[in-house]
Every structure is written in C-alpha cells, then in structure tokens.
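If you want the building blocks of each chain, they are given just below.
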Amino acid sequence: MTEGVRLEWDGKHTAQIEFSPLPVLHVVEKIGTQDATAPNRLIQGDNLAVMSALLGELRGKIDLIYLDPPFFTGREWKAREAAPNEPSAFTDSWRTLGNYLQWLFDRLTLARDLLSETGCLYLHLSWHSVHYAKLLLDEIFGVERFQNEIVWCYREAINSKKRWNRKHDTLLFYTNSDVFTFNPDPVREPYSESSIRKFRHADEKGKYRLMGRGIVGSPLRSKRDVAPEMETLSPELTFRHYLGAGTLPLDYWFIDIENQASPLRTGYPTQKPEALLERILLASTNPGDLVADFCCGSGTTLAVANRLDRRWIGCDLGDLAITTSRSRLIASTAAHFRLETLIGNNLK
Ligand SMILES: C[S@@+](CC[C@H](N)C(=O)[O-])C[C@H]1O[C@@H](n2cnc3c(N)ncnc32)[C@H](O)[C@@H]1O
C-alpha cells in the first residue's frame, strides 16, 4: 500500500473538479447516419473543460480511456514536412514540472470519474514523465488498481552515442476495480520458430506434441515428447498437446511506428500506430463498448474503435488534430459521428 505516500509539488491542489453546467458542447457538424442515443463524437476544446462537461451525462459510463498527452518534452511539435512558418500542431513546454503534473493530475482525476466500474485506463508516456505519473495514478486510482506497465518498443533512426538510445514508450494500465475486461485470445503472440518445431506430429486437428498425463505412479507422468509407440501401448497415459493460437500476451510489445512507407501515416507529429491501439482495444474492450481519447491527435484511437465496432469519443484542442482526425474518420468506411466544439470554458 502507498497509504501516506504522495508526490508533492509547489502549489499542488487535489480538490475534486465538479461537473459544471457552464461549458457547453456545441454540435458543429453531423457526418453519416447518427445513432441519436449514443453518437460517436469528435470534440474540439480543452480536455479539462470537455471532460468536466461530459461528467453530467457520462459519469461512470466510459469503458476505456486511452490518454496520450504531451510527455513533458519541452518541444514544439510541428506537422511532419511542415514549412518553417507553419504553426505548431501542439506545444509541449511548461513553466515547471509542477505545472505539468497538476495538468495531468486534474485530467486523470476526471478520467477516473468518467470510467465505468469495470473501466480501464491506459496512460501513454515516456521517460520524461512516466515515473512521476505512476505516483499520481497510485494516488488517484489506488496502487491496487495498477495492472501493468507496458513497454512499447519501436525502431527509429539511431541517433545517440552518448547513452543507450531511447526507443521505447511506457503505458500505465489501471482499472477502476478488480473486475475488468481482459481478452487475451485476440492478442496472443505468435509462437517462435523454435517452439513451433517442437510440435513434431500432425493429425487432422493440426500439429501436436505427445505428452504423458500427470497420473501419479505412471512411468510417463508429465513427460514431454513421449515416443509415439507409447500412445499405442498405453493410450490412457498420454495425450496430444496441440499447437494453439499463440502464447499468452506479454507486457512488452514490438510494434513499428507508422513510418514513411506506411499508408496510414497522416503527417501529424507523434502519431501512434494503429496496431498499438488495436491491441489495447481488442484486449480491454468488447464490441459496442464506449472508448474515449481526450488527446486524440490524428485520431488513431477513433479510427481503430470505428473499425472494431466500438463506440467512441475523441477530443483535442488543436486545429490540425481536429482536421486530421475528421478527414481520417470520414475516409474510414463506418464513420458516423458528430463534430462538436466547446463553448465557454468556465470551470467552477
Ligand atoms: C501526443 S499527441 C497525441 C497523438 C495521438 N495519440 C495520435 O495517435 O495521433 C498529444 C495531443 O494532445 C493534445 N492536447 C494537448 N493539450 C490538450 C488539452 N488541454 N486539451 C485537449 N488536447 C490537448 C495535443 O493537441 C496533441 O494532439
């Protein structure tokens, strides 16, 4: 337990942000046919005010929140191939680390309140801030709600001789309770070649290894790769262990970024690969579940949710993020959504 252990910074405040009727979400545009009772929504506005405005209707109703916020890099992020005079897509510079942590703390608190009892949160960060964020999440969700630290490894140009090249991000996975969706089967990892080679026999059901049953007193007890004649002689002591769909998933993933050759590359800086979001959504949601991304950038989470028949809400502050997400969603076959914007930014 971390009772009594807290991360402090100058000016820290933890007062609950209450639902305020003042921020109003205004429908700008409807695209595709809408399910009026549960429309998918792309919302432009500061996510603090948007999440707060959504509390009124969605407190405890979102099944999965994926947050890929600014990482505390101190950088201006411009669109790839942007001209020097083009404005940044978004700014990731902060007066102090405390400033950044307060920003994160407020949004994570609202995320917890929006999540359903069985809801899942994935917070995507890097070495810049993830170690602080772990303590924030322990304080907000409770350390016992921490499920995984997932390491996403990717390949990119190697550029440092000074230290180990930093080529992974970290995702912190928390849940709102002990009961939550986790579907390991659609995200099983392929077997290695050497594992597959161990399945030396095959029948009409597929490849298999011949194993000894765990029967006390059996000479074949729990033996692997028993000689085939033993199956004929003592079938009750053996069984066929078939090659399955892959191994159970691990907490480190090798997934390529959407590089220049990828048709999914939008040009938005910091775009995450669809394969990464697909893994998260397949494991932690079911079709029809409600998924939200309040830093949606180029709309990766929304495009994947659309494709996998999950309902979704996306939010971002930036113009480039909203236009990129909008065209990406329109281009995807099942894009039924409302574009909304936040009117009035007042929070209590
Ligand atoms: C790391 S990027 C997200 C990239 C996204 N996951 C993708 O695949 O394209 C972070 C995003 O957070 C957005 N953002 C920063 N501050 C915000 C705020 N206060 N409200 C809403 N969005 C914000 C930025 O505009 C940026 O698009």
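Structural data are supplied above this passage.
These figures come from a predicted structure and were not determined experimentally. (Residues numbered from 1 in each chain as written. Predicted model: local features only at pLDDT ≥ 70, side-chain atom pairs only at ≥ 80, totals over all residues. Heavy atoms only, no water.)

(A) Local environment of the site of the ligand. Around the ligand sit 21 residues, and of these Asp68, Tyr268, Ser298, Thr300 and Asp316 come closest. Contact between the ligand and Lys272: an oxygen atom at 2.9 Å from a main-chain N or O atom of the residue. Here a nitrogen atom of the ligand sits 3.3 Å away from a polar atom, N or O, in the main chain of Leu317. Class assignment for the residues of the shell around the ligand results in nine nonpolar, seven polar and five charged. (Near = heavy atom within 4 Å. Polar contact = N/O pair within 3.5 Å; in protein donor to acceptor, adjacent residues only side chain to side chain. Nonpolar A, V, L, I, M, F, W, Y, C, P; charged D, E, K, R; others polar.)

(B) How the structure looks around the sheet that holds strand S13 (residues 290-293). The mixed open sheet is built from 10 strands, whose spatial order is S1-S15-S2-S14-S13-S3-S6-S8-S7-S12. Each end of this open sheet is capped by a strand with a single partner; those strands are strand S1 (24-31) and strand S12 (252-254). Averaged over all pairs of adjacent strands, the angle between their axes in this sheet comes to 20 degrees, without regard to strand direction. On the sheet, helix H6 (residues 274-284) packs against strand S3 (62-67), strand S6 (115-125), strand S7 (146-153), strand S8 (168-175), S12 and S13 and is oriented at approximately 155 degrees with respect to S3. Those strands touched by helix H8 (residues 319-331) are S1, strand S2 (40-44), strand S14 (311-316) and strand S15 (337-343), and its axis lies near 160 degrees from that of S2. (Pairing = 2+ DSSP bridges. Helix = DSSP H or I, 4+ residues; strand = E, 2+ residues; numbered from the N terminus. Axes fitted to C-alpha atoms, helices over the stretch in contact; angles between N-to-C directions. Contact = heavy atoms within 4.5 Å.)

(C) Summary view of the environment of Gly246. The residue Gly246 is located in the loop between strand S11 (238-242) and S12 in this model. Under the relative-accessibility criterion, Gly246 is labelled buried at 1%. For Gly246 and Lys167, which are 79 residues apart along the polypeptide, the C-alpha to C-alpha distance reads 26 Å. Aside from chain neighbours lying at most four places away, what touches Gly246 is Arg188, Glu189 and Tyr191. (Buried < 20%, exposed > 50% of the residue type's maximum accessible area, 1.4 Å probe, protein only.)

(D) Expanded view of the side chain of Lys272. Take Lys272: it is sitting in the loop between S12 and H6. There is a polar contact of 2.7 Å between the side chain of Lys272 and the backbone oxygen of Thr270. Residues in contact with Lys272, not counting those within four places in the same chain, are Tyr66, Asp68, Phe71, His124, Trp152, Asp169, Glu258, Leu277 and Thr300.

(E) Structural view of the pairing of S6. Within S6, nine of the 11 residues are buried, which leaves the element mostly enclosed by the surrounding structure. As paired elements, S3 and S6 share five bridges and run parallel to each other. For Ile65, the partnering residue across the bridge sits in S6 and is Leu121. Where S6 lies against S8, six bridges are found, and the strand directions are antiparallel. Residue pairing in the sheet places Leu123 in a bridge with Leu172 of S8.

(F) A look at the nonpolar core. Core analysis: the largest hydrophobic core is formed by 44 residues, its most contacted members being Leu54, Ile65, Leu108, Leu114, Leu121 and Phe294. Elements with a minimum of two residues in this core: helix H1 (47-58), S3, helix H2 (97-114), S6, helix H3 (130-141), S8, S13 and S14. When residues of this core are assigned to their parent elements, the largest contribution, nine residues, is made by H2. The residues touching Leu114, leaving out its near neighbours within four places in the chain, are Met51, Leu54, Leu55, Leu58, Arg59, Gly60, Lys61, Ile62, Ile65 and Phe294. (Core = buried A, V, L, I, M, F, W, Y, C linked by side-chain atoms within 4.5 Å.)

(G) Quick look at H1. Over its 12 residues, H1 extends only 14 Å from the first C-alpha to the last, a length that falls short of the 16 Å expected when each residue adds 1.5 Å. Burial of H1 is extensive: 10 of the 12 residues sit out of reach of the surface. Of all the residues in H1, the buried ones are Asn47, Leu48, Ala49, Val50, Met51, Ser52, Ala53, Leu54, Leu55 and Leu58. The opening residue of H1, the one whose side-chain oxygen lies 2.8 Å from the backbone nitrogen of Leu48, is Asp46. (Expected span 1.5 Å × (residues − 1).)

In short, the description is geometric, and any link to function would need to be established separately.
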